[in-house]
Amino acid sequence: MKQVNLSDITLVILSYHRQHCLKATLNFYRDTNLNILVLDNSSAPLNREYIPTNCRYILSKTDFATRSSQASLLIGTKYTIIGADDEVYLPNALFEMKKFLDNNEDYVAVGGNALAVWRYGNYIAGSWAYKRTFAYHNNESSPYDRIRKHTGDGVAPLT
């Protein structure tokens, strides 16, 4: 399969004491040209053998807000996607999201399906956070209306 160009996308992962998931997620992207930025709030750094060359890994024993601020200062690509340490996006899906944004300049964000990497024995876990996003489309006419719909007017957010 031909590799898609993801060099203008940074995947930001803000991990917290789940290096067992992070290892599988980073391994999934190892052979892509996707830029990965991990800010990990674990008690010890991830072993270097699990960090691919396309990943900038920072052990940052700070809260989520601080790590988010740190990440915003380190992103040097046109596009950014926030990902979890226990899920992955298919490279072709990332490419299609990028292509959509390139062709629709009035949009500032798109979403895609993520695949879980965390297993519980023979079970793959799902979360209530994804329940309401199945077959989700947000085609509101303005960026403000799209944000309002996605956040549920601050009362009933989708995730």
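All of the points below concern the structure found in this document. (Residues numbered from 1 in each chain as written. Predicted model: local features only at pLDDT ≥ 70, side-chain atom pairs only at ≥ 80, totals over all residues. Heavy atoms only, no water.)

### Points about the overall build of the protein chain
Inference 1: Helix and strand content of the protein chain: five helices and eight strands.
Inference 2: Scanning the protein chain from its N terminus toward the C terminus, one meets helices and strands in the order β-α-β-β-α-β-β-α-β-β-β-α-α.
Inference 3: For the protein chain, the residues scored as buried account for 33% of the 159 residues in total.
Inference 4: Just so you have it, the protein chain exposes about 10100 Å², and 55% of that area is on carbon and sulfur atoms. (Helix = DSSP H or I, 4+ residues; strand = E, 2+ residues; numbered from the N terminus. Buried < 20%, exposed > 50% of the residue type's maximum accessible area, 1.4 Å probe, protein only. Areas by Shrake-Rupley, 256 points an atom, 1.4 Å probe, with all protein chains shown as cover.)

### Points about the sheet that holds strand β1 (residues 9-15)
Inference 1: With respect to topology, four strands assemble into an open sheet ordered β3-β2-β1-β4, the strand pairing being parallel. At either end of the open sheet lies a strand with only one pairing partner, and these are β3 (55-59) and β4 (79-83). Here the average twist between neighbouring strands, direction ignored, is 15°.
Inference 2: Summarising the sheet, β1 and β4 pair through five bridges and their orientation is parallel. (Pairing = 2+ DSSP bridges. Axes fitted to C-alpha atoms, helices over the stretch in contact; angles between N-to-C directions.)

### What to know about the pattern of salt bridges
Inference 1: Tallied over the entire structure, the rule returns five salt bridges.
Inference 2: Linking R18 and D86 is a salt bridge whose minimum nitrogen-to-oxygen distance equals 3.2 Å. Of this pair, R18 sits in the loop between β1 and α1 (19-28) while D86 sits in the loop between β4 and β5 (87-88), placing them 68 residues apart in sequence.
Inference 3: On the accessibility criterion, R18 (22% relative accessible area) is partly exposed.
Inference 4: Ionic pairing is found between K99 and E96, a salt bridge with its closest N-O pair at 3.4 Å. Taken together, the positions of K99 and E96, both in helix α3 (residues 91-103) and three residues apart, correspond to about one turn of that helix.
Inference 5: Salt bridges sharing partners connect three or more residues here, namely R18, D85 and D86. (Salt bridge = Lys/Arg side-chain N within 4 Å of Asp/Glu carboxyl O.)

### Here we look at the environment of N27
Inference 1: Along the chain, N27 falls in helix α1.
Inference 2: Here N27 falls in the partly exposed class, since its relative accessible area comes to 47%.
Inference 3: For the pair N27 and P52, spaced 25 residues apart in sequence, the C-alpha to C-alpha distance is 7.2 Å.

### As for the nonpolar core
Inference 1: Ranked by internal contacts, the top residues of the largest apolar core, which has 23 residues, are L26, Y29, L34, I36, V38 and L94.
Inference 2: Secondary-structure elements contributing two or more residues to this core are β1, α1, β2 (35-40), β3, β4 and α3.
Inference 3: Setting aside residues no more than four positions away along its own chain, V38 makes contact with I13, L22, L26, C55, R56, Y57 and I58.
Inference 4: V12, L14, L37 and L39 belong to the second largest nonpolar core, which has five residues in total. (Core = buried A, V, L, I, M, F, W, Y, C linked by side-chain atoms within 4.5 Å. Contact = heavy atoms within 4.5 Å.)

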